[in-house]
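# Examination of the molecular architecture
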Amino acid sequence: MAVQADNSTLSVNQAQVDEFCVGRGITTPDQEKSAPSMQPDSRVEVFRKRLFDRFDWLRRSAVRLALLFWLLFTVCFGIAAYVVYETLQDRVLARIDQSIADRFVETQDVFYREGIDAVVKMAEARSTSPMTSSMGFHLSTPQGERIAGNVPVCPTEYGWEIFDGQTLGLVGDNSVYRFYTGKVGGNVLSLGKSLDALVELRTIALSSLMWTALASTMLAFLTGGFFARRTHKRVAGISRALDIIGQGDLTARLPVSYAGDDIDSLSEKINSSLNRLEYTVNSMRQVSTDIAHDLKTPLNRLYITIEEAANRSRVGVCVGDELDGALEEAKAINATFEALLRIAQIEAGARKSQFKPFDLASVLDTAAEVYAPVVDEQCQELRVDIPGHQTLPMLGDRNLILQLVVNLIENAVHHCGDDTVITLSAGESDRYVWFRVADTGPGIPDPEREKVFQRLYRLERSRTTKGTGLGLSLVKAIADLHCGKVILADNKPGLAVTVSFARNCPTEC
Ligand SMILES: Nc1ncnc2c1ncn2[C@@H]1O[C@H](COP(=O)(O)OP(=O)(O)OP(=O)(O)O)[C@@H](O)[C@H]1O
Ligand SMILES: [Mg+2]
């Protein structure tokens, strides 16, 4: 009986083979076939990559700047050293030449005044050997016969020449000499001086310049390296912070070293933009949260009213009242939305671009004029305690400030009862312009004074009255935009709201 092996059960599938081999680091025959062997080209590629990785630091701008600085410094130093060296050498040589020329003229004078014998005498008197300490003299006839002097061999050419001691016949003398040869009467006079001083000066100058060059280039290299390292550290810190911000953490800030340089000022600018961004994002988040939490109830109410109206209309009952209620509710929700968005927009600071100078006193007058009839209707009294001629100039958005004043007057009107006296006062100092809305109503208890600035927050006693709880949030947002402060205080009795604006408020966000 032929046994047939079932391929599907006996054979191990390719995926299993691969898994087994990968787990043990074995190359399967298929992989061997497909994997390209390491060709010389790819080895060069790998080597190049490693080389680039190793010298990656050279691509940092700080390192490049430091190297450039070092190179420039070295080149400038080289040029300066060359100029100094050449000038020094020329000056010394010129002095030596001058002293030889002076002596030659002096000798000529002696010849013309006293004759050749006096010159010979003078030459012999001065021709002490060795001549290194004095001058070299050689007086000869036009035919080259030596008359006097301390130099054995006479220079043959007229004019300036440089010789070494051997050429002049000075045995064992390796010094270099500068000679001038000219005619004195019919004879030939050569005068010369050793250049040992010049050679020595050259040696000293060269070695000092070399050491200075070495020390200063080392110093330039080390200083450049130090600053490059420091700058790289700072740039790396900034890059790390930006990575964190990029991942969504808006609380991270760029490091500022307080060295006060351009990197710091750039970091500070980016940080202040991040502050703004964080603030805007947070206030947007806050708006979303407020909407989610506080608009839920009125929306539910609206839903129930409409549902009720629908049920009643199905059985033929008139639903006019329900629809009116729904309309009112929808209007209130709409007003709340608009107020929330307005606050968010003001907090974002975009309206700063519309800042213009205006008179705060005239804004208070306008608000008082508009609200006088409303206050009368409520049997309240509105007093304006600002001298008629006083002007209170400030910089800002006039319409927003009017809105702020109106919100505070409206609060006094709505949250205080009959016979309340509302007083508007204002003033200024060197640094501030301020105004106050004070009433004689129930006031706000101390622990609640911070909370009323929160969006949609209302005191328990006001829950039944009309309002959204956004009036003071808007007041705070407008004041912040104008670098202002809002202080709620006890008016004994009542509430006194003082708003003061700093005069030096920047007009940019
Ligand atoms: N002058 C005031 N006297 C007494 N309580 C006040 C006064 N001003 C504000 N409040 C209290 O502070 C709460 C918050 O005021 P806010 O102006 O923010 O909201 P609102 O007046 O209730 O509503 P909205 O101004 O949005 O119509 C008010 O509900 C009220 O309880
Ligand atoms: Mg209000």
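Here, the structure is the one placed above.
Before going into details, it helps to say that this report is about the structure given with it.

For the rest of this paragraph, the subject is the overall build of the protein. A tally of regular secondary structure across the protein gives 13 helices and 12 strands. Looking at the 509 residues of the protein, the share that counts as buried comes to 34%. Partitioning the intrachain contacts of the protein with sequence separation of at least 6 by distance along the chain shows that 60% fall at a separation of at least 24. When the accessible area of the protein is evaluated, it comes to approximately 31,900 Å², of which 57% is carbon and sulfur surface.

The five strands are arranged 2-1-5-4-3 in an open sheet whose pairing can be described as antiparallel. Two strands bound the open sheet, and with one partner strand each, they are strand 2 (146-149) and strand 3 (159-164). Shown here is a sheet whose adjacent strand axes are inclined to one another by a mean of 20 degrees, direction ignored.

Below, the discussion takes up the nonpolar core. Core analysis: the biggest nonpolar cluster contains 52 residues, and I401, L404, L408, F435 and V499 have the highest contact counts within it. Of all elements in the fold, only helix 10 (320-347), helix 11 (360-377), helix 12 (398-415), strand 9 (421-428), strand 10 (432-438), helix 13 (471-481), strand 11 (484-490) and strand 12 (495-502) reach the threshold of two or more residues within this core. Per-element tally for this core: the top contributor is helix 12, with nine residues. Built from parts of two domains, this core gets at least three residues from each of domain 3 (295-348) and domain 4 (350-502). Residue contacts for I401: discarding those within four places in its chain leaves F358, L360, V363, M394, I478, H482 and F501. One finds V119, V120, A148 and L191 within the second-largest nonpolar core, a separate group that totals 19 residues.

What the rule picks out here adds up to 13 salt bridges. In this structure, E322 engages R312 in a salt bridge whose closest nitrogen and oxygen atoms are separated by 3.2 Å. Of the two residues, E322 sits in helix 10 while R312 sits in helix 9 (residues 296-314), which places them 10 residues apart along the sequence. Each of R234, D261 and D264 takes part in a single network of salt bridges with overlapping partners.

Neighbouring ligand 1 are 19 residues, the closest being H415, R458, S462, T468 and L472. Between ligand 1 and D439, the relevant distance is 3.0 Å, taken from a nitrogen atom to a side-chain nitrogen or oxygen of the residue. Out of a free accessible area of 590 Å², ligand 1 has 91% covered by protein chains. Where the shell around ligand 1 is concerned, the elements lending two or more residues are helix 12 and helix 13. Counting residues per element, the shell around ligand 1 draws most heavily on helix 12, which supplies three residues.

Take the pairing of strand 10 next. Successive residues of a regular strand alternate their side chains across the two faces of the sheet. Note that strand 9 and strand 10 share six bridges and pair antiparallel. For S425, the partnering residue across the bridge sits in strand 10 and is R436. The loop that links strand 9 with its antiparallel partner strand 10 comprises three residues. Judged from the seven bridges that link them, strand 10 and strand 12 form a sheet pairing that is antiparallel. Bridging across to strand 12, V437 finds its partner in V497.

Once that is clear, we can look at helix 8 (residues 262-294). For helix 8, with 33 residues, the first-to-last C-alpha span of 47 Å sits near the 48 Å given by 1.5 Å per residue. Within the sequence span of helix 8, burial applies to I263, D264, S267, N271, L274, E278, T280, S283, V287 and D290. In the core, the buried residues of helix 8 are packed alongside helix 7 (196-246) and helix 10.

Further remarks concern the sheet that holds strand 9. Pairing between sheet strands relies on hydrogen bonds along the backbone, with the strands arranged either parallel or antiparallel. Here we have five strands laid out as an open sheet, ordered 7-9-10-12-11, and mixed in their pairing. The two strands at the open ends of the sheet, each matched to only one other strand, are strand 7 (381-385) and strand 11. Along the sheet, successive strands turn relative to each other by an average axial angle of 15 degrees, direction set aside. In terms of strand pairing, strand 7 meets strand 9 through five bridges, oriented parallel.

What follows covers a nonpolar patch on the surface. On the surface, a nonpolar cluster with roughly 660 Å² of combined accessible area is contributed by L67, W211, L214, M218, F221 and L222. With five residues, the single largest contributor to the nonpolar patch is helix 7. Along the chain, the position of M218 falls in helix 7.

For the pair helix 8 and helix 9, interaxial distance at closest approach is 5 Å and the crossing angle is 40 degrees. Classified by the interaxial angle, the pair formed by helix 8 and helix 9 is oblique. For the pair formed by helix 8 and helix 9, the contact residues are I291, A292, H293 and D294 on the first element and K296, T297 and P298 on the second.

Another aspect to go through is the side chain of T420. Residue position: T420 is located in the loop between helix 12 and strand 9. Of note is the side chain of T420, whose polar atom sits 2.6 Å from the backbone oxygen of G417.

Structural remark: α-helix, 3.6 residues per turn; residues separated by three or four positions point the same way. The end-to-end C-alpha distance of helix 7 is 73 Å, a good match for the 75 Å that 51 residues give at a rise of 1.5 Å each. For helix 7, the set of buried residues is L198, A205, S216, T217, A220, G224, A228, R234, G237, I238, A241 and I245. On its buried face, helix 7 sits against helix 5 (61-114) and helix 8. G248 sits one or two positions beyond helix 7 and adopts a positive phi of about 105 degrees.

Moving on, we come to the packing of aromatic side chains. A ring pair, where both rings are aromatic, is described by two values, the distance of the centres and the angle of the planes. This structure, assessed with the given rule, holds eight aromatic pairs. With centroids separated by 5.0 Å and ring planes inclined at 90 degrees, the aromatic side chains of F104 and Y180 adopt a geometry described as edge-to-face. Here F104 is found in helix 5, whereas its partner Y180 is found in strand 4 (residues 176-184), with 76 residues between them in sequence. An angle of 70 degrees between the planes, with centres 5.2 Å apart, marks the rings of F111 and Y112 as edge-to-face. The exposure class assigned to Y112 is exposed, which follows from its relative accessible area of 58%. Through a chain of ring-to-ring contacts, three or more aromatic side chains come together here, namely F104, W160 and Y180.

Calculation criteria
- Every chain is numbered independently, its residues counted from 1 as its sequence is written.
- For naming, the first written chain is A and the first written ligand is 1, with later ones following in the order written.
- Where local features are concerned, this predicted model is filtered to residues with pLDDT of at least 70; where side-chain atom pairs are given and counted, the filter is 80 or more; whole-chain, interface and lining totals use all residues.
- As a convention, hydrogens and water are excluded, and side-chain values are obtained from all of the structure's heavy atoms.
- Only DSSP runs of H or I with at least four residues qualify as helices, and only runs of E with at least two residues qualify as strands; both kinds are numbered from the N terminus onward.
- Summary of the burial criterion: residues with accessible area below 20% of their type's maximum are buried, those above 50% are exposed, and those between are partly exposed, where the area comes from a 1.4 Å probe applied to protein chains only.
- Contacts: residue pairs with any heavy atoms within 4.5 Å of one another.
- To measure how exposed things are, a 1.4 Å probe is used in the Shrake-Rupley method; for residues, cover is taken only from the protein chains shown.
- The pairing criterion is simple: DSSP has to find at least two bridges between the two strands.
- For every element, the axis is a line fit to its C-alpha atoms; helices are fit only across the contacting stretch, and the angle between N-to-C directions ranges from 0 to 180 degrees.
- Buried residues of nine kinds, namely Ala, Val, Leu, Ile, Met, Phe, Trp, Tyr and Cys, make up a nonpolar core once their side-chain atoms join them within 4.5 Å.
- These domain boundaries are the output of an automatic or database domain assignment.
- One speaks of a salt bridge when a side-chain nitrogen belonging to Lys or Arg is within 4 Å of a carboxyl oxygen belonging to Asp or Glu.
- Proximity criterion: a residue is near a molecule or strand once any of its heavy atoms comes within 4 Å of it.
- As used in this structure description, the phrase polar contact means that two N or O atoms lie within 3.5 Å; if the pair is within protein, one of them must be able to donate a hydrogen and the other to accept it, and residues adjacent in sequence are counted only when both atoms belong to side chains.
- To estimate the expected span of a helix, count its residues, drop one, and scale the result by 1.5 Å.
- Residues with no salt bridge and a relative accessible area higher than 30% make up the patches, which join like charges within 9 Å and nonpolar side chains (Val, Leu, Ile, Met, Phe, Trp, Tyr) within 5 Å.
- An angle below 35 degrees is read as roughly parallel, one above 145 as roughly antiparallel, one from 65 to 115 as roughly perpendicular, and any other as oblique.
- Each pair of aromatic rings taken from Phe, Tyr and Trp, with Trp reduced to its six-membered ring, is defined by centres within 6.5 Å and is described as stacked if the planes are under 30 degrees apart, edge-to-face if over 60, and tilted in the remaining cases.

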